Structure formats: structure tokens, C-alpha cells
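Architecture and fold: a report
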There are 4 protein chains.
Amino acid sequence: MTSKSKLVVRYAETDQMGIVHHSNYPIWYEVGRTDFTKEMGMPYDEIEANGVMFPLLSLNCKYIKAAKYNDTVIVETSVTKLNMVKVEFSYKVFRESDGELLNTGSTVHGMVTKALEPLNMKKEKPEIYRLLQAAMEK
Amino acid sequence: MTSKSKLVVRYAETDQMGIVHHSNYPIWYEVGRTDFTKEMGMPYDEIEANGVMFPLLSLNCKYIKAAKYNDTVIVETSVTKLNMVKVEFSYKVFRESDGELLNTGSTVHGMVTKALEPLNMKKEKPEIYRLLQAAMEK
Amino acid sequence: MTSKSKLVVRYAETDQMGIVHHSNYPIWYEVGRTDFTKEMGMPYDEIEANGVMFPLLSLNCKYIKAAKYNDTVIVETSVTKLNMVKVEFSYKVFRESDGELLNTGSTVHGMVTKALEPLNMKKEKPEIYRLLQAAMEK
Amino acid sequence: MTSKSKLVVRYAETDQMGIVHHSNYPIWYEVGRTDFTKEMGMPYDEIEANGVMFPLLSLNCKYIKAAKYNDTVIVETSVTKLNMVKVEFSYKVFRESDGELLNTGSTVHGMVTKALEPLNMKKEKPEIYRLLQAAMEK
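Definitions and limits used
Residues numbered from 1 in each chain as written. Chains lettered and ligands numbered in written order. Predicted model: local features only at pLDDT ≥ 70, side-chain atom pairs only at ≥ 80, totals over all residues. Heavy atoms only, no water. Least-squares fit on C-alpha atoms with pLDDT ≥ 70 in both. Contact = heavy atoms within 4.5 Å. Pairing = 2+ DSSP bridges. Helix = DSSP H or I, 4+ residues; strand = E, 2+ residues; numbered from the N terminus. Axes fitted to C-alpha atoms, helices over the stretch in contact; angles between N-to-C directions. 1 Å grid on protein atoms, 1.4 Å probe; cavity = no way out; pocket = protein on both sides within 12 Å on 5 of 7 lines; lining within 4 Å. Points joined across faces, edges and corners; volume = space filled by probe spheres on them. Nonpolar A, V, L, I, M, F, W, Y, C, P; charged D, E, K, R; others polar. Salt bridge = Lys/Arg side-chain N within 4 Å of Asp/Glu carboxyl O. Buried < 20%, exposed > 50% of the residue type's maximum accessible area, 1.4 Å probe, protein only. pLDDT = per-residue confidence, 0-100. Buried area = accessible area lost by both parts, 1.4 Å probe. Polar contact = N/O pair within 3.5 Å; in protein donor to acceptor, adjacent residues only side chain to side chain.

Some details on the relation of the copies chain B and chain C
To go from the first copy of the chain to the second, apply a rotation about an axis and then a shift along the same axis. Screw-axis analysis of chain B against chain C gives a translation of 0.0 Å along the axis, an RMSD of 0.0 Å, and a rotation angle of 180°. Such values leave the two copies arranged in the relation of a two-fold axis. In terms of C-alpha distance to the rotation axis, chain B has N60 of chain B as its closest residue, with the C-alpha 2.3 Å off the axis. Interface residue correspondence from chain B to chain C reaches 100%, placing this contact among same-surface, isologous pairings.

As C-alpha cells, then:
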């Protein structure tokens, strides 16, 4: 399963190079995860309401082409790894006008309680685990 | 009492106009409040640990001259109004190199509990109220 | 003429109060201006391509109710004042689910060249001036 | 050569998890590069004034421990790779109070003209190249 999120580049996301500042891509990935979790059947705010949070353990970005103000970009999001304590999401960012691939990346997340203590998703939150697994295998 | 906070403009704070994006000044004001509350005797994180939060009710900014990447700016912060349920902070942002005034502004804050319910500072948190009052009158 | 922009609150836009950080509203206003200028017939990137920029002179925000992660908000944008050297935009931010008014604000912009020198829009860029005027009066 | 940058975590940098949002670390790295280039003998704004820009090609972050509002953090920055067309910076972020390592990362940058065209630093900007090389080897 791959979710598609459509974003229009905000002026505030540009820097004095005249392109989107690189720190915005991780934020766009997060928008992608928001849409992905909705599509998989449990929006991330509901996951947090269930007492589970997905803080980042690592982040990778590859910057291929620059996005500019007012570009429409598509963020494709999928789950690429899952085990009892970690989940990896992967991303592709395209420019809508010409389909150009602008950026690729991935994020690895721990699964923790509101108190930031690690939990075993598969055992303690089997419903969420199954939804992630089904979305990864779909 | 007026606190002075020194900041160096970050590249990420610029936009494609080649100047600091206007949305950063409210964030600089907040840095000013952090330093102000330290100087007045109760850092804002301690205020929150006491179960009090200061969400914004209103914000005003006047943009006089542009700040640029790598400029050192000084944020001057003071309390300009205080009553049982609201506090107003005022700000002046100067460029250090030539003392030029770049920006002025003010923020009005409610005083609420962690559950975002209003509280009467003077009655329920007299210590914090007195510190703000003393800082305003100093 | 009033343009309507639909946004979904990003996780990165929240702060440890659990609500949208106040500094995001000016960025949402800017998204509103982007959509407004498209609707009026000249997108802001085209305005800049014509050598005109609209830096902020002042900003006002009133925070009425908090927005939260994953809320869908509607930003209504209109031009409320215009003269040869300045334009004022006004904004209303609503929560889509219940139509609750969350925030109102306005921004006053100078009209300058790429070198940040003021210009007389009515004389030097009559086409842009007329579009803004028509949009204000519509 | 390793530069040390001291930052105090801003309230706006937190998210509703109650910790620093992950997208801020790349911005802190950039603050580190600003200080690093000053120390090496040519501040980044001067490098850009020389017609050279360092856009990101890739970014890696490892999140070890969370930073919180008002924490003082130290960003250690160094150049870890350099060739004619690319430079890699590496970063370590420590919490000052207890020396805890919070985050490590690296960024790879292309070297391009203002028009975003690649240039051969060693040939076309030997002075900047030598400064980077000297800083790496120091």
C-alpha cells in the first residue's frame, strides 16, 4: 500500500537560495505518514489516543532536484520494514507538473508509550501492529 | 525590567526574498520571553511545571527593517501589562552591528491550566503573579 | 472576493502545549495569499517574476480557539485596503468540522522591487494594481 | 578542526510529544556549519557572496535521546569528506547539563553557482577549497 499526499510549496518553506529549505522534507514525510495511517485504517492521532507514539530513531533524505515556491508536489509513503519494536516508512517526493522525482527518504520510528517508554507493539497493541503489517504487505 | 536576548539569524530563517521570513519574529519574541522569565526568577519551563501555561491571545508585529542571514540581533523583552487573567509582553528587535531597530511587537497571553482552562493568577498562583508584577514595575 | 484555502494541521505545527504553535498562523495566511492571488488572476510567483515583492510591514493575529494536529482548517483571505504603496489582506481561520472560528488576522504589505526599493504600484505596475483593486471591490 | 555551537531549545521547536521535533536537528546542523565556516576563515555568507552555494545532496540523522524545551545543547561540527565537487559535514549534538549525546548526523553538499550550476571548487574557487581542506585536516 502506498499513500499519495499532495502539497503546494509554501513561501515560508523557501530559503535565500530560492528553493525549498531541506528541513521541510522531513515535515512533508510526516504529512505523508498522516495520510498513510488514515488510509491504513487508524489515523496517527487515534494511534496516539491509544497511548502509542512513533518518535524518530533515524532519518535519511536524498535531495535529487529542488522544489520551488508554488510547485505542487506528491509525497508517496509506504511501510518498508516492521518488527515488534520498530517501523520504517519510505518516501518519494515528485513534482506533479512533470512527474520529476525530487527527493527520496526513509524514517525509522520506535514505538513508545506517552511516557516515552518502549513497548512491544505486537504484544501490547496487536490491532495497530496488524494494521501496519497489512498495509506493508498490501 | 528588560531582558536582552542575542540571536544569530539562521539560514533556515531566510526566504527567497533573501531576508528573514516574517514568521520568525514571533519565535524570537518567545526566545525573549524564555530569557525574561529566567531573569525574573522563574523560568517558563518551571511555570509550566507549576501547571500554568501562557497561550497567546493576540500578536502584533511591526516590520521596520529586514534582518539577513548571519546578522546578530538583540531582542529586548519586557512586561507592559498585567492583570489577574492576562499578561502582555512587548519586544524590540535590534541589529547588533549598528543598533538599527528592525522590528517591534507585543503579545498578549492568557493564563491557563494544563487542561487549557483559565485560572486567576493572582489568586491561584500568587507567587508567579508577584514575580511578573515585580518585573513589570522594576 | 474571498478565497478559501483548506489545510490539514501538520504534526510539526504543534508544540508541547498540544496545540498549533502560534507562529504557524502567519504561514497559513501566506498560503491564503497564494490562493488569493491565483484566484485574482496573477499568482504571487508571477507577481515576483514581474519584479514586484510584497514584504510585510505589519502583522496582527487574534487567537480565539486552538487548532490541533490533524484538524482541517479553512483560511478565508480577502484584500481589505489598497493604495499606491500598500496592500492589506485580512484572514479568518475556521475549523472545518464544526465551522468554529479559530483565528482572525491581517497583514499590511509594502510593494517593492527585487532590490527591496519601494515602487508606486498604480503607476509602475498598473496591471497588478488593477487586479488587486478588482479583487477588493468584487 | 571541530566547531562548537551552543543553542538553547526554543519552545517553538517542541511538538505535542513534549520533545524537540526531529525536523529541527538539520536546522541546528546548519547553525553548526555557520559557526564552522566562520572559524575556518570564511563565513558562509561570504562564500555565497563569492558566488558559491552548498545545497544539500543528502542528510542523515540518528536520534539517540530527546532534547526538551530550554535544554542547552552543543552542536559539534566538522568536515569529514571533501572532493572537487562535494563536501561532507558531520555533527554531534550533546546536552550541556550532563554531556549526554542526543543526536548524530551528517550532510553532503554539492558546490554550485548562484544559478545552481555545479562548479569544480578546487579549480574555480581554490581559496574556499583550501580553507575547507585545511579545516578538515586540522
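Comments concerning the sheet that holds strand β4 (residues 72–82) of chain D
Taking strand neighbours across the sheet as the criterion, the ten strands line up as β1(A)-β4(A)-β5(A)-β6(A)-β3(A)-β3(D)-β6(D)-β5(D)-β4(D)-β1(D) in an open arrangement whose pairing is antiparallel. Strand pairing shows two members of the sheet lacking a second neighbour, β1 (3–8) of chain A together with β1 (3–8) of chain D, which therefore form its edges. The average undirected angle you get between the axes of adjacent strands in this sheet is 20°. Looking at chain direction, strand β5 (residues 86–95) of chain D and strand β6 (residues 101–110) of chain D are connected through nine bridges and run antiparallel. Across the sheet, residue V87 of chain D finds its bridge partner in β6 of chain D, namely H109 of chain D. Of the strands in this sheet, β4 and β5 of chain D are in contact with helix α4 (residues 126–137) of chain D, which crosses β4 of chain D at around 115°.

Concerning empty space enclosed by the protein
Tallying each qualifying case throughout the model produces one cavity of 30 Å³ or more. In this structure, the largest cavity encloses a volume near 710 Å³. Of the residues that constitute the lining of the largest cavity, the class distribution is eight nonpolar, 16 polar and eight charged.

Quick look at the sheet that holds strand β1 (residues 3–8) of chain C
Spatial strand order, β1(B)-β3(B)-β4(B)-β5(B)-β2(B)-β3(C)-β6(C)-β5(C)-β4(C)-β1(C): ten strands in an open sheet with antiparallel pairing. Each of the sheet's edge strands pairs with one partner strand only, and the pair in question is β1 (3–8) of chain B together with β1 of chain C. Each strand axis lies, on average, 20° off the axis of its neighbour in the sheet, ignoring direction. With seven bridges connecting them, strand β2 (residues 56–63) of chain B and strand β5 (residues 101–110) of chain B associate as antiparallel partners. Across the sheet, the residue bridging to S58 of chain B is V108 of chain B, located in β5 of chain B. Along the sheet, helix α1 (residues 25–40) of chain C makes contact with β1, β3 (56–63), β4 (72–82), β5 (86–95) and β6 (101–110) of chain C, crossing β1 of chain C at roughly 135°. Taken strand by strand, helix α4 (residues 126–137) of chain C contacts β4 and β5 of chain C, and its axis lies near 115° from that of β4 of chain C.

What to know about the pattern of salt bridges
Tallied over the entire structure, the rule returns 32 salt bridges over all chains. Linking E76 of chain C and K4 of chain C is a salt bridge whose minimum nitrogen-to-oxygen distance equals 3.4 Å. Here E76 of chain C, found in strand β4, pairs with K4 of chain C, found in strand β1; they are 72 residues apart in sequence, far enough to count as distant. Note on K4 of chain C: relative accessible area 55%, which makes it exposed. Among the salt bridges present, the one from R33 of chain D reaches E30 of chain D, with a minimum N-O distance of 3.5 Å. Taken together, the residues span about one helical turn, with R33 of chain D and E30 of chain D both in helix α1 (residues 25–40) at a distance of three residues.

Re the confidence of the model for chain A
Any segment with low pLDDT has predicted coordinates that should not be analysed in fine detail. Averaged over all residues, the pLDDT of chain A is 97; the fraction at 70 or higher stands at 100%. Here the predicted complex carries an ipTM of 0.96, next to a pTM of 0.97.

Comments concerning the interface of chain B and chain C
Contact residues are listed per partner, giving 24 residues for chain B and 24 residues for chain C. Ranking the residues of chain B by area buried against chain C places M17, H22 and Y63 of chain B at the top, with a combined share of 28%. Inspection of the region where chain B meets chain C yields zero salt bridges. If you look at where chain B meets chain C, you find eight residue pairs in polar contact (both at pLDDT 80 or more). Taken together, the elements giving at least two residues each to the side of chain B that touches chain C come down to α1 (24–40), α2 (44–49) and β2 of chain B. The biggest single contributor to the side of chain B that touches chain C is β2 of chain B, with eight residues. Its residues placed into classes, the side of chain B that touches chain C shows 14 nonpolar, six polar and four charged.

Re the interface of chain A and chain D
Each side of the interface is counted separately: chain A has 24 residues, and chain D has 24 residues. When the two sides are added together, the surface that chain A and chain D hide from each other amounts to roughly 2,000 Å², 61% of it contributed by carbon and sulfur. Counting the surface chain A buries against chain D, the share from its top three residues, M17, H22 and Y63 of chain A, is 28%. Between the two partners, chain A and chain D, sit zero salt bridges. If you look at where chain A meets chain D, you find eight residue pairs in polar contact (both at pLDDT 80 or more). When contributions to the side of chain A that touches chain D are tallied by element, the ones reaching two or more residues are α1 (25–40), α2 (44–49) and β3 (56–63) of chain A. Among the residues forming the side of chain A that touches chain D, the class breakdown is 14 nonpolar, six polar and four charged. By the bridge criterion, five bridges tie β3 of chain A to strand β3 (residues 56–63) of chain D in an arrangement that is antiparallel. When the bridges of β3 of chain D are listed, L59 of chain A appears paired with C61 of chain D.

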